[in-house]
Amino acid sequence: MEMKGSSYRDANILITGGTGSVGLGLAEVALQYEPRRICLLSNDENGLFEARIVFGRDSRVDYRLGDVRDRRSVESVIAGFDTVFHAAALKHVDFCERNPYEATYTNVVGTQIVIDCSIRSGVSRFVYISTDKAVNPISTMGATKLLGEKLMFAASRRSETTTFSCVRFGNVLGSRGSVLRIFERQVREGGPMTVTDPEMTRFIMLPSEASRLVLHAAEMAKPEPAVPVRTEEG
């Protein structure tokens, strides 16, 4: 995948869910293009502590404890950023099934909050990290991520300042929560492997491939003309 990367030079980048596998991968790759700063926003205190160890004393990386479900939390951090990668989400299918309210609150309400704050603060580019499970969803997780996509599409039609784009992918090799880690453990323990359906197809990407795909999506995205609101008189 060819990528210029010049649009990230001197950029101010905010990554929600920044301590997750995708968030950390995005930060690692984006740093290669010499951004001015990258902020990792997460409600995972220990994850932020470990991220600071990973990136060492790189002065370009900032660590903020906050929650996308709290509008004041997002508002307090988003000022001054020109690019937002929204990776924060509840992603475990079984936990989302057992806690549909929490999944909806994070994946839908949280997404709308980040969208609203991004538009108000003048963010130039917004990339939503979705999932292949949003295709004809039958699970709570997939349905909430699809609704998040719908919110993003609606925002792209009403915003004249922020360019929105969306990326879907499946399993990221070695990521936290990946089924591949479960399979690996089961094989090491002598099996069996808990495969739901032997006929299903799984799509797998390397962390670096997933990160570059997301960064490339932001580069190639073009603004959609805002749709004027029509009144009864008009």
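Before going into details, it helps to say that this report is about the structure given with it. This structure is a prediction, so every number in the text was calculated from the model and none was measured.

It is worth spelling out the sheet that holds strand E2 (residues 37–42) at this point. Strands belonging to one sheet form pairs held by backbone hydrogen bonds; the direction of such a pair is parallel or antiparallel. In space, the six strands of this open sheet follow the order E3-E2-E1-E4-E5-E6, with parallel pairing throughout. The open sheet terminates on both sides in strands that have one partner only, identified here as strand E3 (61–65) and strand E6 (163–169). Adjacent strand axes in the sheet meet at a mean angle of 20 degrees when their direction is disregarded. Pairing of E2 with E3, which is carried by five bridges, proceeds in the parallel orientation. Across the sheet, the residue bridging to Ser42 is Leu65, located in E3. Contacting strand E1 (12–16), strand E4 (83–86), strand E5 (125–131) and E6, helix H5 (residues 100–121) runs over the sheet at an angle of about 165 degrees to E5.

Further remarks concern the packing of helix H1 (residues 21–30) against helix H8 (residues 207–220). Angle between the axes and distance between the axes are the two parameters that describe a pair of packed helices. One can describe the packing of H1 onto H8 by two numbers: an axis separation of 9 Å at closest approach and a directional angle of 70 degrees. With respect to H8, the axis of H1 lies roughly perpendicular. Considering the relative orientation of H1 and H8, their crossing is right-handed. In this structure, H1 contributes Val22, Gly25, Leu26, Val29 and Ala30 to the contact, and H8 contributes Ser211, Arg212, Val214 and Leu215.

A word on the nonpolar core. Generally speaking, a soluble globular protein has its nonpolar side chains buried in company with each other. Counting residues in hydrophobic clusters, the biggest one holds 31 residues, and the most contacted among them are Ile13, Ile15, Ile38, Leu40, Phe85, Phe169 and Val214. Those elements giving two or more residues to this core turn out to be E1, H1, E2, helix H2 (45–55), E3, E5, E6 and H8. Residues within four places of Phe85 in sequence aside, it is in contact with Tyr8, Ile13, Leu14, Ile15, Thr16, Leu26, Val127, Val214, Leu215 and Ala218. Formed by 21 residues, the second largest nonpolar core is a distinct cluster that contains Leu14, Val68, Ile113 and Ala155.

With seven of seven residues buried, E5 is to be regarded as a mostly interior element. Residues of E5 alternate between two faces, with Arg125, Val127, Ile129 and Thr131 on one and Phe126, Tyr128 and Ser130 on the opposite face, all of them buried. Here E4 runs beside E5; their pairing, made up of four bridges, is parallel. Paired with Phe85 across the two strands is Val127, which belongs to E5. For E5 and E6, the ladder comprises seven bridges, and the chain directions are parallel. Counted as the bridge partner of Val127 is Ser165 from E6. Handedness of the β-α-β unit built from E5, helix H6 (residues 140–158) and E6 comes out right-handed.

An ideal rise of 1.5 Å per residue puts 27 Å on 19 residues; H6 measures up with 27 Å between its terminal C-alpha atoms. Residues of H6 that are buried include every one of Thr140, Met141, Gly142, Thr144, Lys145, Gly148, Glu149, Met152, Ala155 and Ser156, and no others. The secondary structure elements touched by the buried residues of H6 are helix H4 (93–98), H5, E5 and E6.

With that settled, consider the packing of aromatic side chains. What the rule picks out here adds up to four aromatic pairs. Aromatic side chains Tyr8 and Phe85 sit 6.4 Å apart centroid to centroid with 40 degrees between the ring planes, which places their arrangement in the tilted category. One end of the pair, Tyr8, is in the segment before E1; the other, Phe85, is in strand E4, and 77 residues separate them in sequence. Exposure class is identical for Tyr8 and Phe85. Each is buried. Ring geometry for Phe126 against Phe164: centres 5.2 Å apart, planes inclined by 45 degrees, an arrangement best described as tilted. Highlighted residues: Phe126 in strand E5 and Phe164 in strand E6, separated in sequence by 38 residues. Given the relative accessible area of 0%, Phe126 is considered buried. Using a relative accessible area of 10% as the deciding quantity, one classes Phe164 as buried.

Going from Gly191 to Pro192, the amide bond is cis rather than trans, its omega being 0 degrees. Position of Pro192 among the secondary structure elements: in the loop between helix H7 (179–188) and strand E8 (204–205). The phi torsion at Asp10 lies on the positive side, around 65 degrees, for a residue other than glycine. With respect to the element layout, Asp10 can be found in the segment before E1. Take Asp10: its relative accessible area is 45%, and that puts it in the partly exposed class. We note that Asn136 has phi near 45 degrees; this positive angle belongs to a residue other than glycine. On the secondary structure map, Asn136 appears in the loop between E5 and H6.

About the cut-offs
Residues numbered from 1 in each chain as written. Predicted model: local features only at pLDDT ≥ 70, side-chain atom pairs only at ≥ 80, totals over all residues. Heavy atoms only, no water. Pairing = 2+ DSSP bridges. Helix = DSSP H or I, 4+ residues; strand = E, 2+ residues; numbered from the N terminus. Axes fitted to C-alpha atoms, helices over the stretch in contact; angles between N-to-C directions. Contact = heavy atoms within 4.5 Å. Parallel < 35°, antiparallel > 145°, perpendicular 65-115°, else oblique. Left-handed = near helix turned anticlockwise from the far one by under 90°. Core = buried A, V, L, I, M, F, W, Y, C linked by side-chain atoms within 4.5 Å. Buried < 20%, exposed > 50% of the residue type's maximum accessible area, 1.4 Å probe, protein only. Right-handed = clockwise from strand over helix to strand, strands pointing away. Expected span 1.5 Å × (residues − 1). Phe/Tyr/Trp six-rings, centres within 6.5 Å; stacked < 30°, edge-to-face > 60°.

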